[in-house]
Amino acid sequence: MEKEVVRDAINAFYKGAGVNKKFTGSVNDKVANIFGKMLIETRKCSNALAWVPTPPGGRATITWFATNFGRAMLDRFRDSVSLTCARQVIHVWSRELDRASILG
């Protein structure tokens with residue numbers, strides 16, 4: 001269940017950015033951490049994610065996502081991402097995210 005929240009959040013981020021990509025890899029702590037970094041980077045260039053709390057110590061975990069991203073938050077997430085900023089973050093980080101899902 002917690003891992004599905006992470007996958008749903010990643011896919012909502014891609015969709016909100018208008019990127020035709022779907023994350024289908026395995027969700028693990030490395031994936032959660034990298035996706036957390038992606039959110040932090042997006043917050044630097046867009047205030048659309050200001051409502052997302054910063055993970056403790058800057059390191060997101062699967063449990064952190066499960067605690068902070070409910071269905072309503074994911075819907076808000078889909079509707080609020082700055083396209084240009086999020087696309088740039090996806091461009092820079094998506095390979096590393098995919099790699100983390102394989103290497104765990």
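Predicted model only: the values in this text are computed from it and were never measured. (Residues numbered from 1 in each chain as written. Predicted model: local features only at pLDDT ≥ 70, side-chain atom pairs only at ≥ 80, totals over all residues. Heavy atoms only, no water.)

(A) View of the overall build of the protein. From N to C terminus, the protein includes five helices and zero strands. Reading the protein from its N end, one meets helices and strands in the order α-α-α-α-α. Per-residue burial over the protein gives 45% buried out of 104 residues. Nonlocal contacts in the protein, meaning residues at least 24 apart in sequence, comprise 75% of its contacts between residues at least 6 apart. (Helix = DSSP H or I, 4+ residues; strand = E, 2+ residues; numbered from the N terminus. Buried < 20%, exposed > 50% of the residue type's maximum accessible area, 1.4 Å probe, protein only. Contact = heavy atoms within 4.5 Å.)

(B) Expanded view of the pattern of salt bridges. Inspection of every chain in the model, using the stated rule, returns three salt bridges. A salt bridge links Asp98 to Lys21, with the shortest nitrogen-to-oxygen separation between them at 3.1 Å. Of this pair, Asp98 sits in helix 5 (residues 83-103) while Lys21 sits in the loop between helix 1 (2-16) and helix 2 (29-45); the two residues are 77 residues apart in sequence, bridging distant segments of the chain. With a closest N to O distance of 2.9 Å, Glu41 and Lys44 form a salt bridge. Residue Glu41 and its partner Lys44 are located together in helix 2, separated by three residues, close to a single helical turn. Given a relative accessible area of 29%, Glu41 falls into the partly exposed group. (Salt bridge = Lys/Arg side-chain N within 4 Å of Asp/Glu carboxyl O.)

(C) Up close: the environment of Gly18. Structurally, Gly18 is set in the loop between helix 1 and helix 2. We classify Gly18 as partly exposed; its relative accessible area is 47%. Residues Gly18 and Leu83, 65 residues apart in the sequence, show an inter-C-alpha distance of 6.7 Å. Residue contacts for Gly18: discarding those within four places in its chain leaves Leu83 and Arg87.

(D) Structural detail: the nonpolar core. Counting 27 residues, the largest nonpolar core has Phe13, Phe35, Met38, Phe65 and Leu97 as the members making the most contacts within it. Those elements giving two or more residues to this core turn out to be helix 1, helix 2, helix 3 (62-68) and helix 5. (Core = buried A, V, L, I, M, F, W, Y, C linked by side-chain atoms within 4.5 Å.)

(E) Structural context of the packing of helix 1 against helix 5. Contact geometry for helix 1 and helix 5: axes closest at 9 Å, N-to-C directions at 135°. By the angle between their axes, helix 1 is oblique relative to helix 5. Here helix 1 and helix 5 pass one another in a crossing that is left-handed. Note on element contacts: helix 5 touches helix 1 through Leu83, Ala86, Val89, Ile90, Ser94 and Leu97, opposite Ile10, Phe13, Tyr14 and Gly16. Broken down by class, the residue content of the contact of helix 1 with helix 5 amounts to eight nonpolar, two polar and no charged. (Axes fitted to C-alpha atoms, helices over the stretch in contact; angles between N-to-C directions. Parallel < 35°, antiparallel > 145°, perpendicular 65-115°, else oblique. Left-handed = near helix turned anticlockwise from the far one by under 90°. Nonpolar A, V, L, I, M, F, W, Y, C, P; charged D, E, K, R; others polar.)

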